[in-house]
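Coordinate analysis (summary)
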Amino acid sequence: MRAVLLKGNQDGYQLILNQSASFTEIIAELKRLFDKLAAEPSSLEAARLSFDVLTEDRILKSGEKKQIEDLAATYPKFSIHKISSNVMTVTDAYQLKERENVHLISRTIRNGQEVKLNGDILFLGTIHEGGKLITTGNIFSMGNIAGILHAGYPNSEEKLILGNIHNAQQVRVGEQFDVIDDEKIDDNDQVVAYVNDLHILAYGKLKELKQINPKLYNRIGGQ
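Presented here is a report on the structure given in the accompanying data block. None of the values given here were measured: they were computed from a predicted structure.

Side note on the sheet that holds strand S12 (residues 144-145)
Reading across from one edge, S6-S9-S12 is the order of the 3 strands in this open sheet, with parallel pairing throughout. The open sheet terminates on both sides in strands that have one partner only, identified here as strand S6 (108-109) and S12. Pairing of S6 with strand S9 (residues 126-127), which is carried by 2 bridges, proceeds in the parallel orientation. When the sheet's bridge partners are listed, Thr-108 is paired in S9 with Thr-126.

Spelled out as structure tokens, the structure:
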């Protein structure tokens, strides 16, 4: 599989970096691709090109991002618009909290305890089996979850639970609920739990958030 894939869309051009390739392979492939594009300007629609870079489930270090941006900058007509991934880092989550009215919770919720709030929650703590976190809004889960998450309480099925939930005992969105098992969610996945058009609780990957809930995708900084 190629280390870099160039795709065109309605907003311009996207560079998808293969998460399985080494960063050295990615840089070499990018240079070959930029050389080819620079040599064939007539095949491009615009005199200047700005690229969106998607790193799939790889999180680049700041130095690696700069290396990609610097490489593009060596070509007078090329630039990098943004670099994004399919996963949410803790830094991303804190930036979300700064932009929105989001409750930051980092406590431990033990067996038999119940925490109930209004609005969106960024959870960085631990929920033991038998513990419950309940809110009227969305839940962004960055913690260690072995208990129950309930978004959209009591009956708002448009809310979501996002993040690492593979160890959760149970998830609820509105009035819909599901017991988690190993066959439903891979422990490496950043998951979106949502209620689908059939009013059934379903799961998607974070990279599919734009299709699942475009409004929330745009709100947390998607393009």
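Having seen it, we continue.
Observations concerning the pattern of salt bridges
In total, this model carries 5 salt bridges according to the counting rule given. When the shortest N-O distance is used, the salt bridge between Arg-32 and Glu-29 registers 2.8 Å. Placement of the pair is Arg-32 and Glu-29 together in helix H1 (residues 23-39), with a separation of 3 residues, close to one helical turn. With a relative accessible area of 51%, Arg-32 lands in the exposed category.

Some points on the side chain of Ser-141
Positionally, Ser-141 belongs in strand S11 (residues 139-141). A distance of 3.2 Å separates a polar side-chain atom of Ser-141 from the backbone oxygen of Asn-164. With near-sequence residues (within four places) excluded, Ser-141 lies in contact with Phe-123, Leu-149, Leu-162, Gly-163, Asn-164 and Ile-165.

Examining the sheet that holds strand S16 (residues 176-179)
Strand order in this open sheet of 5 strands is S7-S10-S13-S15-S16, and the pairing throughout is mixed. Lying at the two open borders of the sheet, with one neighbouring strand each, are strand S7 (114-117) and S16. Sheet twist, expressed as the average angle between the axes of neighbouring strands with direction ignored, equals 10°. One ladder, built from 3 bridges, connects strand S10 (residues 132-135) with strand S13 (residues 148-151); its direction is parallel. Along S13, the bridge assignment pairs Lys-132 with Ile-148.

Section: unusual backbone geometry
That bond from Tyr-153 to Pro-154 is cis: its omega, 0°, falls within 30 degrees of zero. Inspection of the secondary structure assignment puts Pro-154 in the loop between S13 and strand S14 (161-163). The backbone phi angle of His-199 is positive, close to 60°, even though this residue is not glycine. As for its position among the elements, His-199 is in the loop between strand S17 (191-195) and strand S18 (201-205).

Thresholds, definitions, all that
Residues numbered from 1 in each chain as written. Predicted model: local features only at pLDDT ≥ 70, side-chain atom pairs only at ≥ 80, totals over all residues. Heavy atoms only, no water. Pairing = 2+ DSSP bridges. Helix = DSSP H or I, 4+ residues; strand = E, 2+ residues; numbered from the N terminus. Salt bridge = Lys/Arg side-chain N within 4 Å of Asp/Glu carboxyl O. Buried < 20%, exposed > 50% of the residue type's maximum accessible area, 1.4 Å probe, protein only. Polar contact = N/O pair within 3.5 Å; in protein donor to acceptor, adjacent residues only side chain to side chain. Contact = heavy atoms within 4.5 Å. Axes fitted to C-alpha atoms, helices over the stretch in contact; angles between N-to-C directions.

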